[in-house]
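# Survey of secondary and tertiary structure
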Amino acid sequence: MARKFQQFGPIYREKLGVYESVNIISPRDAATLFQAEGTLPERFSVPPWVAYRDFRNKPYGVLLKTGEAWRSDRLMLNKEVLSPQVVEGFVPLLSQVGEDFIRRARAQVEKSGRDQWTADFTHELFRFALESVCHVLYGERLGLLQDFVDPDAQRFIDAVSLMFHTTSPMLYLPPALLRHLNTKTWQDHVQAWDAIFSQADKCIQNVYRDLRLQRKSTKEYMGILCNLIMRDKLPLDDIRASVTEMMAGGVDTTSMTLQWAMFELARAPGVQEQLRAEVLAAKREAAGDRVKMLKTIRLLKAAIKETLRLHPVAVTLQRYTTQEVILQDYCIPPKTLVQVGLYAMGRDPEVFPKPEQFRPQRWLAAGPKHFQGLSFGFGPRQCLGRRIAELEMQLFLMQILENFKIETMRAVEIGTKFDLILIPDKPIYLTLRPL
Ligand code: HEM
Ligand code: 2DC
């Protein structure tokens with residue numbers, strides 16, 4: 001897309017399989033698009049995901065619902081997943097998982113006998129991310145940061161990666177055709193979703209049973225699922241559909257972003273030291289209180305934004321226009337799919353001077369940042385897991401910086417690959433060295 005914007009300018013039209021879209025890159029055009037999105041925004045509905053649910057007769061969660069059905073589910077979910085009061089309650093749960101990661105890292109350092117832990121952290125971070133999202137969803141630990149990993153949990157992780165991987169070759173084919181063609185990719189895709197749904201169902205059934213048998217202590221935070229069930233405002237099937245989506249959406253997204261963040265910090269030791277100084281000062285001032293610390297670590301938050309600028313999870317954001325929208329000298333008719341080239345925007349020198357430089361400070365400098373930080377999308381349809389993801393990543397990086405120096409062995413250039421979400425095109429080797 002970056003190349004096409006160069007060739008055709010900031011607005012171009014493209015045909016993708018059977019779908020047509022208008023692609024834009026400038027924050028100003030993105031602003032115009034989102035300001036006209038109304039109360040029921042719709043994005044491109046990933047056809048293989050829709051096809052699977054129709055094939056197996058599974059209900060849609062918020063990810064795929066549209067119209068009023070989407071809105072009523074989403075409003076209920078927002079209260080338990082995004083609202084500031086509830087979100088503060090996630091801090092102890094996510095810190096605990098982070099502490100376990102640190103403990104595990106120390107054990108690995110011990111084991112190496114070389115005062116360091118060098119590895120491709122992909123799978124460690126997948127387990128960390130699944131453990132984190134499950135702790136807030138179900139109020140329970142899976143124990144994935146121990147030496148023995150539950151094979152069911154590992155199957156879930158593998159299924160999510162396979163689900164993403166098999167989506168991209170079928171991305172622009174109509175749902176009905178996918179089933180009809182019955183390719184190997186489609187079969188793998190169905191298997192992957194089957195594994196995702198059955199594993200999520202087990203977790204959900206466990207919580208439901210504990211709740212019925214009053215085995216859940218009502219003193220501590222009981223988890224998002226429990227609270228949704230007890231509120232009794234959403235049918236159980238709808239709760240299940242959206243909780244399954246959150247469980248699946250919580251693995252590759254935050255873990256890949258954390259991997260990129262550590263990679264960038266390893267390559268920019270000066271920035272890493274600045275962040276560490278900020279975190280240690282915050283820790284002293286807040287006497288270790290994580291909720292307080294989170295209010296003062298501005299540069300760390302900027303570093304996460306900066307990571308997502310260079311390495312967004314979503315290559316584009318999309319909306320269907322509901323009315324005529326004027327972008328520069330183009331008139332876009334209603335019902336047009338418009339894509340904001342998030343990856344291309346993050347690397348556009350017109351928007352971000354010296355875009356190749358990892359410089360968290362740019363987010364704290366004076367000047368307009370209008371519609372520049374769009375990594376989680378925008379408005380009522382933005383990422384439902386945003387607050388969970390942000391907190392999880394902030395706490396993880398805080399704890400890593402307090403304990404380890406992050407280094408990278410070689411100066412290998414790592415590119416980006418489209419695997420439905422954007423991921424590194426080769427393994428990233430990182431070293432954690434105790435401070
Ligand atoms: C939607 C990014 C983590 C669950 C989205 C969208 C983006 C995004 C760009 C589309 C938003 C839009 O169209 O405006 C990210 C990034 C993440 C992340 C960058 C982490 C670094 C998560 C996590 C969860 C999650 C941890 C689950 C807890 C969802 C769901 C939707 C969504 C359910 C669909 C919401 C709806 O349609 O109402 N995410 N995400 N995401 N995300 Fe995330
Ligand atoms: C993929 O052209 C490229 O957050 C397409 O947690 C346009 C498109 C549409 C929707 C995007 C998708 C892209 C990338 C992955 C996203 C998805 C919306 C939500 C999803 C960004 C850019 C993601 C990863 C969710 C996934 C939850 C799922 C596992 C149940």
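Residues numbered from 1 in each chain as written. Chains lettered and ligands numbered in written order. Predicted model: local features only at pLDDT ≥ 70, side-chain atom pairs only at ≥ 80, totals over all residues. Heavy atoms only, no water.

### Description of the packing of aromatic side chains
Applied cut-off: Each Phe, Tyr or Trp ring (for Trp, its six-membered ring) is paired with any other whose centre lies within 6.5 Å, and the angle between the two planes then decides the class: stacked below 30 degrees, edge-to-face above 60, tilted in between. In this description a helix means any DSSP run of H or I spanning at least four residues, a strand means any run of E spanning at least two, and both kinds are numbered starting from the N terminus. Exposure classes here rest on a 1.4 Å probe applied to the protein chains alone. A residue is buried below 20% of its type maximum, exposed above 50%, and partly exposed in between. The rule is short: NZ of Lys or CZ of Arg within 6 Å of the ring centre and within 35 degrees of the ring normal puts a charge over the ring.
Considering all chains together, one arrives at 21 aromatic pairs under this definition. Centre to centre, the rings of Tyr19 and Phe44 are 5.1 Å apart; their planes meet at 85 degrees, and the pair counts as edge-to-face. Residue Tyr19 is found in strand E2 (residues 19–24), and its partner Phe44 is found in the loop between helix H2 (27–35) and helix H3 (47–56); the two are separated by 25 residues along the sequence. An identical accessibility class is assigned to Tyr19 and Phe44; each is buried. Clustering of aromatic rings is evident, with ring pairs tying together Trp49, Tyr52, Phe164, Trp193 and Phe197. Directly above the ring of Trp193 sits Arg53, whose terminal nitrogen or CZ lies 4.2 Å from the centroid. The ring of Phe352 has Arg309 lying over it, and the distance from NZ or CZ to the ring centre is 5.2 Å.

### Some details on the packing of helix H7 (residues 122–138) against helix H12 (residues 236–249)
As a reminder, the rule being used: The axes are straight lines fitted to the C-alpha atoms, using for helices just the contacting stretch, and the angles between their N-to-C directions are given from 0 to 180°. Between 65 and 115 degrees an angle is taken as roughly perpendicular, under 35 as roughly parallel, over 145 as roughly antiparallel, and anywhere else as oblique. Whether two residues are in contact is decided by their heavy atoms, any of which lying within 4.5 Å being enough.
At a closest axis distance of 9 Å, the pairing of H7 and H12 adopts a crossing angle of 155 degrees. Put simply, H7 runs roughly antiparallel to H12. In this structure, H7 uses Leu130, Val133, Cys134, Leu137 and Tyr138 to contact H12, whose residues at the interface are Val243, Met246 and Met247.

### So, the site of ligand 2
Heads up, the condition is: We define proximity as follows: a residue is near a molecule or strand when any one of its heavy atoms falls within 4 Å of that partner. To measure how exposed things are, a 1.4 Å probe is used in the Shrake-Rupley method; for residues, cover is taken only from the protein chains shown. Under the grouping applied here, Gly and all other residues not named as nonpolar or charged are polar, the nonpolar ones being Ala, Val, Leu, Ile, Met, Phe, Trp, Tyr, Cys and Pro and the charged ones Asp, Glu, Lys and Arg.
Around ligand 2 sit 18 residues, and of these Met163, Tyr172, Glu245, Gly249 and Gln318 come closest. When the free accessible area of ligand 2 is taken as 620 Å², the share hidden by the protein chains comes to 90%. Elements with a contribution of two residues or more to the shell around ligand 2: helix H8 (151–167) and H12. Per element, the largest residue contribution to the shell around ligand 2 is three residues, and it comes from H12. Of the residues belonging to the shell around ligand 2, the class tally is 12 nonpolar, four polar and two charged.

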